[in-house]
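Examining the three-dimensional arrangement
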Amino acid sequence: MLVFTHPVCQHHVTPPGHPERVERLAAVERGLAGLSVERRDCPIGDEAEVLRCHPARYVERVKSAVPREGWAQLDGDTFLSPGSFQAAMRAVGGICEAVDAVVSGAAKTAFVAGRPPGHHAECETAMGFCLFGTVAIGAKRALDHHGLGRVAVVDFDVHHGNGTQDLLWNEGRCLFVSSHQMPLYPGSGRPDERGAHGQVLNVALREGSGGAAMREVYERTVFPALADWGPELLLISAGFDAHADDPLAGLEWQAEDYRWLTDRMCDFAGGRVVSTLEGGYDLDALAASVAAHVGVLEERGR
Ligand SMILES: [Zn+2]
């Protein structure tokens, strides 16, 4: 099992009081402490990888918006600091290298702890703390570079992965599953949003529901869909903001639920799983949830 991080991901700095903050990575490190994982630095991502999902004019728009000091604001809650572009490109480099390692068989499982997150970034729109669609870029790497025929992305962040859905809407080789609280930001993710090839599956969870409801709906709808799809590689958008202690949402999951969910997902794709950090804003809950999630990836990746 490989864990990809890079100090530059701490150079994406958000304004005081912003929930998606530098300290999250220290919480992730607390979660990783005690796990016997092999550590790797995220390389700088290749812009050609980003261009599989976003047009060049969008990449240039983000790059040119980076401020020399202070912050630039791209939408109501998405900010750029001087290090943001480089941080985002490390997250991109991390997911591509993680996909390479797992597809080549060098590792069975991998986790990328980068910032900023990615699953809200649409084709030409930065939003929800996200600049580039990291997990979708990883899926395209597996499909276009490695030539895999069937990939799946499961997004268990409490918010709908609208960006990933947008980037993979026409991608008939990739199943995209998102489970999320509804109604909640960003407002999309209705079950009737199915993708151009019927390969998108949106699962709505009720506010206040906990791990039992999650397990029931994954057993009933998500795992059968994964079994039918038969992916060669499973990517996970691992947001931990469905945790009961998270301040941004209203689900009641516990760290043990992430352990169960991760273990069940390792039953697919021959256990070839690449996971990448999305949300999770209570630092203690984030640390405990990462310990559970990555702990299983480590056990199953032996
Ligand atoms: Zn989220």
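Located above this text is the structure these notes cover.
First, a word on scope: everything that follows refers to the structure included in this document. All values reported here derive from a predicted model rather than from experimental measurement. (Residues numbered from 1 in each chain as written. Predicted model: local features only at pLDDT ≥ 70, side-chain atom pairs only at ≥ 80, totals over all residues. Heavy atoms only, no water.)

Observations concerning the packing of aromatic side chains
Each aromatic ring pair is characterised by the separation of its centres together with the angle its planes make. Scanning the model with the defined rule gives ten aromatic pairs in all. On the basis of an interplanar angle of 25 degrees and a centroid distance of 5.8 Å, the ring pair of Phe223 and Phe268 is categorised as stacked. Residue Phe223 is found in helix α7 (residues 211-229), and its partner Phe268 is found in the loop between α8 (255-265) and β10 (273-277); the two are separated by 45 residues along the sequence. Assigned by exposure class, Phe223 and Phe268 land together as buried. Their ring planes at 55 degrees and their centres at 5.4 Å tell us that Trp253 and Tyr258 sit as a pair that is tilted. Among the aromatic side chains, those forming a connected cluster through ring pairs are Phe156, Phe240, Trp253 and Tyr258. Its end group placed over the ring of Trp229, Arg150 keeps NZ or CZ at 4.1 Å from the ring centre. Positioned over the ring face of Phe223 is Arg264, at 4.3 Å from the centre of the ring. (Phe/Tyr/Trp six-rings, centres within 6.5 Å; stacked < 30°, edge-to-face > 60°. Helix = DSSP H or I, 4+ residues; strand = E, 2+ residues; numbered from the N terminus. Buried < 20%, exposed > 50% of the residue type's maximum accessible area, 1.4 Å probe, protein only. Lys NZ or Arg CZ within 6 Å of the ring centre and 35° of its normal.)

Notes on the coordination of the zinc ion
Expected angles at a metal are 109.5 degrees for tetrahedral coordination by four donors and either 90 or 180 degrees for octahedral coordination by six donors. Each protein donor to the zinc ion is listed here as Asp157 (OD), Asp157 (OD), His159 (ND1) and Asp241 (OD); together their distances run 2.0 to 2.7 Å. If you look at the zinc ion, its four donor atoms make angles of 53 to 153 degrees with each other, and the shape they trace is irregular. Here the donor residues of the zinc ion share one chain and are spaced in sequence as D-x1-H-x81-D. A residue pair is termed long-range when its members are at least 10 positions apart, and His159 in the loop between β6 (151-155) and α6 (162-168) and Asp241 in the loop between β9 (233-238) and α8 qualify at 82 residues. For His159, a relative accessible area of 7% corresponds to the buried category. (Donors = N, O, S within 2.8 Å, 3.2 Å for Na, K, Ca; no water. Tetrahedral: all angles 85-135°; square planar, octahedral: opposite > 155°, others 65-115°.)

Remarks on the nonpolar core
Phe111, Phe156 and Tyr218 are the most contacted members of the largest nonpolar core, which totals 48 residues. Broken down by element, this core gets its largest block of residues, eight residues, from α7. Judged by nonpolar contacts, the second largest core, of 43 residues, contains Ala98, Ala110, Leu168 and Leu233. (Core = buried A, V, L, I, M, F, W, Y, C linked by side-chain atoms within 4.5 Å.)

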